[in-house]
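The lines below spell out each chain.
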Amino acid sequence: MQYTFAERVTHMDSSAIRELLKVAEQPQIISFAGGLPAAELFPLEEIKESYYQVLSAKDPSVLQYGATEGYLPLRQEIAAQMGMKGIVTEAENILLTNGSQQGLDLLAKLFINPGDVVLLQNPSYLGAIQSFQSYQANFMTIPTNKAGIDENALEVLIKHNQPKIIYLTPTYQNPTGITFTTEERKAVLRIARNYRVPIIEDDPYSELCYDGQAASPIRSFSTDDEVIYLGTFSKTLAPGLRLGWIVGGKNLIAKLVIAKQGSDLHTGTLLQRATHYYLTHFSPTEHIEKIRHAYQCRRDLMLSELKKAFSNKALWTEPTGGMFIWLTLPEEYDTLKILPKALATNVAYVPGANFYVNKKSHNSMRLNFSNPSPAQIQQGIKLLAKIL
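Residues numbered from 1 in each chain as written. Predicted model: local features only at pLDDT ≥ 70, side-chain atom pairs only at ≥ 80, totals over all residues. Heavy atoms only, no water.

## Observations concerning the nonpolar core
Tyr295, Met302, Leu306, Leu327 and Leu367 are the most contacted members of the largest nonpolar core, which has 45 residues in total. If you list the elements that add at least two residues to this core, you get α10 (284-310), β12 (324-328), α11 (335-344), β13 (347-348), β15 (364-368) and α12 (374-387). For this core, the element with the highest residue contribution is α10, accounting for eight residues. Each residue touching Met302, except ones within four places of it in the same chain, is listed here: Phe32, Ile325, Leu367, Asn368, Phe369, Ile377 and Ile381. (Core = buried A, V, L, I, M, F, W, Y, C linked by side-chain atoms within 4.5 Å. Buried < 20%, exposed > 50% of the residue type's maximum accessible area, 1.4 Å probe, protein only. Helix = DSSP H or I, 4+ residues; strand = E, 2+ residues; numbered from the N terminus. Contact = heavy atoms within 4.5 Å.)

This is the structure we're talking about:
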């Protein structure tokens, strides 16, 4: 049968990363491709015990429908965690979602009409580009210079293009690993506030800080709900749980509740109750310290191997947190064309073009250091250098 799809379907692209992971999951492949935590560090026993205790309480409501907003004690716990980041909020300002990716989709559903402009970093998170693109958004990119964000150019850009929203991952960005300074955060907020453009602050990585503390979230400087904050347990607990949240004004949360009801009614009740038990009966802080130490060692090792293998032949970021290093090769290289050769040699990465809204960059790649083992990092970087 020939289906007649909605026009928006022509704007839906498959995720290059998800497709690549199908290949990269083969056991012989050393994968720097996915944005994956280290599975061997998941708190398996604690999560198992959390589910056991919740189910053992013989409260049948753990398997019942729940409120669309989410389990109130869990939202209260998240609100307390937000307070530690300088974000003063209440449970009523929080909506639980199936991962922060659903949060992006719900926000795009609320804000984006076909042709509306979304302002974002370039390169930017592929999942956000996908989500906004599926609602037929147009993209403009934040202007930068050697000193960072070009404030004057940004203000002119906003004034002339009237973006509907600004999307940012200001802390340990995916894909580059770069972080906005406090001054840049305040500058973007000030300009956005002047032109009444809401900011979506996507913050999955700030707990993964290796050199000092992460900068305060943009929302911590906000006084009038100009900033909509997205959080997730995917990077600090386990991505397979698919549990995230949105912090926003109460009027926005009310609209998001309606949007979510049309999508999935609510996030899984048992998942929320077990996560709440884990957060209140175990030590998430100790677990985060454990993964910080492991990821810092892997980051340092990858940076060391890049220096030995590439020397002055390439440029790369040196992130102070997160999961990614951004490698830029000389202009004559095309990382999309080189990828099949890399896969044939059993090493995988994500070509940088996938993270640009114009797809024009051809000589960069994203490397993940959190998932591969130290031995794989050493071997994989050597293989990559040999191929290139």
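## Observations concerning the pairing of strand β8 (residues 199-202)
By the alternation rule, side chains of β8 split into Ile199 and Glu201 and Ile200 and Asp202, which are all buried. Of the strand pairs in this sheet, strand β7 (residues 165-168) and β8 are connected by three bridges, and their pairing is parallel. Residue Ile166 lies in a different strand from β8, and its bridge partner there is Ile199. As a crossover connection, the stretch from β7 through helix α7 (residues 182-194) into β8 is right-handed. Here four bridges tie β8 to strand β9 (residues 227-232), and the two strands are oriented parallel to one another. Looking across to β9, one finds that Asp202 is bridged to Leu230. (Pairing = 2+ DSSP bridges. Right-handed = clockwise from strand over helix to strand, strands pointing away.)

## Thoughts on the packing of helix α4 (residues 99-111) against helix α8 (residues 250-261)
At a minimum axis separation of 10 Å, α4 and α8 run at an interaxial angle of 105°. Viewed along their axes, α4 and α8 adopt a mutual orientation that is roughly perpendicular. Residues Gln102, Leu106, Leu107, Lys109, Leu110 and Phe111 of α4 form the contact with α8, whose own contacting residues are Leu252, Lys255, Leu256, Ala259 and Lys260. Across the contact of α4 with α8, the residue classes tally to seven nonpolar, one polar and three charged. (Axes fitted to C-alpha atoms, helices over the stretch in contact; angles between N-to-C directions. Parallel < 35°, antiparallel > 145°, perpendicular 65-115°, else oblique. Nonpolar A, V, L, I, M, F, W, Y, C, P; charged D, E, K, R; others polar.)

## Overview of the packing of helix α3 (residues 72-84) against helix α9 (residues 269-281)
What describes two packed helices is the angle between their axes and the distance between those same axes. Following both chains from N to C, one finds α3 and α9 inclined at 45°, their axes separated by 9 Å at the closest point. When the interaxial angle is binned, α3 and α9 end up oblique. Every pair of crossing elements has a handedness; the one defined by α3 and α9 is left-handed. Between α3 and α9, the residues in contact are Pro73, Leu74, Glu77 and Gln81 and Gln272, Thr275, His276, Leu279 and Thr280, respectively. Class assignment for the residues of the contact of α3 with α9 results in three nonpolar, five polar and one charged. (Left-handed = near helix turned anticlockwise from the far one by under 90°.)

## Quick look at α9
Taking 1.5 Å per residue, 13 residues should reach 18 Å; α9 reaches 18 Å between its end C-alpha atoms and fits that length. With 10 of 13 residues buried, α9 lies mostly within the body of the structure. Within the sequence span of α9, burial applies to Thr269, Leu271, Gln272, Arg273, Ala274, Thr275, His276, Tyr277, Tyr278 and Leu279. Tucked into the core, α9 has its buried residues touching α2 (44-56), α3, β2 (94-97) and α10. (Expected span 1.5 Å × (residues − 1).)

## Things to note about the sheet that holds strand β11 (residues 315-316)
What the four strands build is an open sheet, ordered β11-β12-β15-β14; its pairing is antiparallel. Of all the strands in the sheet, the pair left with one neighbour each is β11 and β14 (350-351). By the bridge criterion, two bridges tie β11 to β12 in an arrangement that is antiparallel. Bridging from a neighbouring strand, Leu315 pairs with Thr328 of β12.

## Some thoughts on the packing of aromatic side chains
Applying the stated criterion to the full structure yields eight aromatic pairs. When the centroid spacing of 5.7 Å and the interplanar angle of 70° are considered together, the rings of Phe132 and Tyr167 count as edge-to-face. Linking Phe132 in helix α5 (residues 126-134) with Tyr167 in strand β7, this pair joins segments that are 35 residues apart in sequence. Side by side, Phe132 and Tyr167 carry an identical accessibility label, which is buried. (Phe/Tyr/Trp six-rings, centres within 6.5 Å; stacked < 30°, edge-to-face > 60°.)

## A few points about the pattern of salt bridges
Tallying each qualifying case throughout the model produces 15 salt bridges. With a shortest N-O distance of 2.8 Å, Glu151 and Arg190 are connected by a salt bridge. With Glu151 in helix α6 (residues 151-161) and Arg190 in helix α7, the pair connects residues that are 39 residues apart, well separated along the chain. A residue is classified by how much of its surface remains accessible, and Glu151, at 35% relative accessible area, is partly exposed. Among the residues examined, Arg190 registers a relative accessible area of 39% and is labelled partly exposed. (Salt bridge = Lys/Arg side-chain N within 4 Å of Asp/Glu carboxyl O.)

## Regarding the side chain of Arg298
Residue position: Arg298 is located in helix α10. By relative accessible area, which is 8% here, Arg298 ends up buried. Looking at Arg298, its side chain comes within polar contact range of the side chain of Glu40, at 2.7 Å. Engagement of the side chain of Arg298 in a polar contact is seen with the backbone oxygen of Asn371, the distance being 3.5 Å. Among all residues touching Arg298, those that are not within four sequence positions of it are Ala38, Glu40, Phe369, Ser370, Asn371, Pro372, Ser373, Pro374 and Ile377. (Polar contact = N/O pair within 3.5 Å; in protein donor to acceptor, adjacent residues only side chain to side chain.)

Scope: geometric values only; no functional claims are made or implied.
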